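# A structural walkthrough
Here are the chains, one letter per residue:
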Amino acid sequence: MGSGLTVAVFGAYGHTGRFVVAELRERGFVPVLAGRDTEKLQLLAAETGFETRQASAEEPASLDRALAGAAAVINCAGPFALTAAPVIEAALRAGIPYLDVAAEIEANADTFTHFADRARAADAVIVPAMAFYGGLGDLLVTAAMGDWTAADEANVAYALSSWHPTAGTRSSGAVSRERRGGGRPVYTKGQLRYRHDAPPILEWSFPEPMGPRSVIGEFTMADVVTVPSHLAIPEVRTYMTVEAAEDVVAPETPAPAAVDAHGRSAQTFLVDVVVRSGDAERRAVATGRDIYAVTAPLVVEAVDRILSGRTKAVGVVSAGEIFDAPEFLGALSSHLSVELRP
């Protein structure tokens, strides 16, 4: 448990940031509320009673003040193309672990590219994409692999009952689309590449009770960065149910609406992972509720394990590389139902 350790949350007043702050408090940590908007910080402080520290990604000194005395920092402020590098730099200066909840493929790839050597040399821990997209998929693929040291392909299929995007999701998506110049990312033959044709519409046989559903093939998410960062799998593909994909891009789709005392929406999800090696397949399935809310226990469990020394690696690392994947998933049983199918 947190035992009163202080954890800075950059972007604490955002939709996901609020879930993270609540989960930290629940686990016995003391959140420090950080971000650039002083008014939003003060409103959240009035609700929670926690200390606030105004900071901007454009002002390194303000980030240093925000992280002073913290045991770790969780970056919840997108677009991460703009915030990840400055907050990582501040974490390296402070000598503390950095984690973020970025779903932006290019931002996550940049973190591995630009900070791997420095983080390893400094014996530092940097964990990008420690969230529903990127982190959960990587843990499921790693758990499904079991004793395999390599596989031919990993497929991660997402079935969401709906996808009402937050303002952060929309702004991050806009930045990513601009960076891609009209291309769409795919991970094939061991490389991240960009295609300019339309993605295929396929049929995916999800486990019952969901069953067969139409999905957009090559609806590429952050798993194509996290999974191959440590697993020898040359083909990593992600899929999304058609209805959820249409939701997230439609300008009229509303933001998530809370339906319970914890602030969760009614959205449910199923993540179906199939790893293939030759003629053999292994499967992992996770079900739960609210992709934004479930990110909080994922990233806070990661913080707890890092600060208590329950890790397997240093440097820029994905969830599946630094943690014991089956054990980590088992620790989230009150938030996720996970089944491994050899």
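Everything below is about the structure printed above this text.
Residues numbered from 1 in each chain as written. Predicted model: local features only at pLDDT ≥ 70, side-chain atom pairs only at ≥ 80, totals over all residues. Heavy atoms only, no water.

### Remarks on the overall build of the protein
Applicable threshold: Secondary structure elements follow DSSP: runs of H or I of four or more residues count as helices, runs of E of two or more count as strands, with numbering from the N terminus. C-alpha atoms define the radius of gyration, and 2.2 Å times the number of residues to the power 0.38 defines the globule rule. Contacts were defined at the residue level, with two residues in contact if any of their heavy atoms lie within 4.5 Å. Areas reported here follow the Shrake-Rupley algorithm with a probe of radius 1.4 Å; residue values treat only the protein chains shown as occluding. Here Asp and Glu are counted as negative and Lys and Arg as positive; His is not counted, and neither are the chain ends. By convention, charge coordinates are those of NZ in Lys, CZ in Arg, CG in Asp, or CD in Glu.
What the protein contains, in helices and strands, is twelve helices and 16 strands. Its C-alpha atoms give the protein a radius of gyration of 19 Å, within 12% of the compact-globule value 20 Å for 342 residues. Here the analysis covers contacts within the protein between residues at least 6 apart in sequence; of these, 70% occur between residues at least 24 apart. Accessible surface, the protein as shown: approximately 14000 Å² in total, 51% of it carbon and sulfur. Side chains of the protein carry 29 positive and 42 negative charges; the gap between the two charge centres is 1 Å.

### Details of the environment of Phe115
When you line up the elements, Phe115 lands in helix α5 (residues 105–121). Taking the C-alpha atoms as reference, Phe115 lies 38 Å from Ala266; in sequence the two are 151 residues apart. The contact partners of Phe115, leaving out residues within four places of it in the chain, are Ala85, Ile88, Glu89, Leu92, Asp110, Ile126 and Val316.

### Re helix α9 (residues 242–249)
As a reminder of what qualifies: Only protein chains enter the accessibility calculation, which uses a 1.4 Å probe; a residue whose area is less than 20% of its type maximum is buried, one above 50% is exposed, and one in between is partly exposed. By arc we mean the arc of the directions from the helix axis to the C-beta atoms, nothing more.
All buried positions along α9 are accounted for by Val242, Ala244, Ala245 and Val248. Axial view of α9: buried residues confined to an arc of 165°, hence all on one face. Among the structural elements, β7 (153–160), α7 (167–180), β10 (201–205), β11 (212–216) and β12 (235–241) are those in contact with the buried residues of α9.

### Details of the nonpolar core
Rules: We define a nonpolar core as any set of buried Ala, Val, Leu, Ile, Met, Phe, Trp, Tyr and Cys residues linked to one another through side-chain atoms lying within 4.5 Å.
Formed by 108 residues in total, the largest nonpolar core has its most connected members in Met130, Phe132, Val141, Trp163 and Val271. If you tally residues by element for this core, the top one is helix α10 (residues 291–307), at eleven residues.

### Focus on the packing of aromatic side chains
Using the following cut-off: Paired rings are identified among Phe, Tyr and Trp, the last through its six-membered ring, by centres lying within 6.5 Å, and are further divided according to the angle between planes into stacked (under 30 degrees), edge-to-face (over 60) and tilted (the rest).
Counted according to the given criterion, the structure contains eight aromatic pairs. Arranged with centres 5.0 Å apart and planes meeting at 35°, the rings of Phe323 and Phe328 form a pair that is tilted. Phe328 matches Phe323 in its accessibility class, with the two residues each being buried. By the ring-pair criterion, three or more aromatic residues cluster together here, those being Phe132, Tyr133, Tyr158, Trp163 and Phe269.

### Overview of the pairing of β12
Stated formally: In this scheme, strands are said to pair when DSSP sees at least two bridges between them.
Taking burial as the measure, the seven residues of β12 include six buried ones, the bulk of the element. Note that β7 and β12 share six bridges and pair parallel. Within β12, the position partnered with Tyr158 by the bridge is Met240.

### Things to note about the sheet that holds strand β15 (residues 315–316)
An order of β3-β2-β1-β4-β5-β6-β15 is seen for the seven strands of this open sheet, with the pairing classed as parallel. Whereas interior strands pair on both sides, the edge strands pair on one side only; in this sheet they are β3 (52–54) and β15. Examined bridge by bridge, strand β5 (residues 98–100) and strand β6 (residues 125–127) share two bridges and lie parallel to one another. The residue bridging Leu99 from the neighbouring strand is Val127, located in β6.

### Details of the pattern of salt bridges
Condition: What makes a salt bridge here is a side-chain nitrogen of Lys or Arg within 4 Å of a carboxyl oxygen of Asp or Glu, nothing more.
Under the counting rule described, the total for this entry stands at 25 salt bridges. Across the pair Arg53 and Glu51 runs a salt bridge, and its minimum N-O distance is 2.9 Å. When the shortest N-O distance is used, the salt bridge between Asp197 and Arg195 registers 2.6 Å. What you see here is one network of salt bridges that share partners, running through Arg27, Glu301, Asp304, Arg305, Arg310 and Glu327.

### Regarding unusual backbone geometry
Residue Pro79 follows Gly78 across a cis peptide bond; omega there is -5°. Residue position: Pro79 is located in the loop between β4 (72–75) and α4 (80–94). That bond from Glu208 to Pro209 is cis: its omega, 10°, falls within 30 degrees of zero. Its place among the elements puts Pro209 in the loop between β10 and β11.

### Concerning the side chain of Thr16
With respect to the element layout, Thr16 can be found in helix α1 (residues 15–26). You can call Thr16 buried: its relative accessible area is 13%. Dropping the residues within four chain positions of it, Thr16 is found in contact with Val101, Tyr292 and Thr295.

### A look at the pairing of strand β8 (residues 184–188)
Across the five residues that make up β8, a large majority, four, are buried. Here β8 folds back onto strand β9 (residues 191–195), and the loop between the two strands holds two residues, one of which, Lys189, carries a positive phi near 55°.

### Comments concerning the packing of α4 against α5
Applicable threshold: To obtain each axis, a line is fitted to C-alpha atoms, and for helices this fit is confined to the stretch in contact; angles are then taken between N-to-C directions over 0 to 180 degrees. Oblique is the label for every angle not falling under 35 degrees (roughly parallel), over 145 degrees (roughly antiparallel), or within 65 to 115 degrees (roughly perpendicular). Crossing chirality is assigned from the near helix's rotation relative to the far helix, an anticlockwise turn below a right angle marking it left-handed and a clockwise turn marking it right-handed.
Where α4 meets α5, the axes come as close as 10 Å, and the angle between the chain directions of the two elements is 20°. With respect to α5, the axis of α4 lies roughly parallel. Judged by the twist between their axes, the crossing of α4 over α5 is right-handed. Of α5, the residues touching α4 (which contributes Phe80, Ala81, Ala84, Ala85, Ile88, Glu89 and Leu92) are Ala107, Thr111, Phe115 and Arg118.

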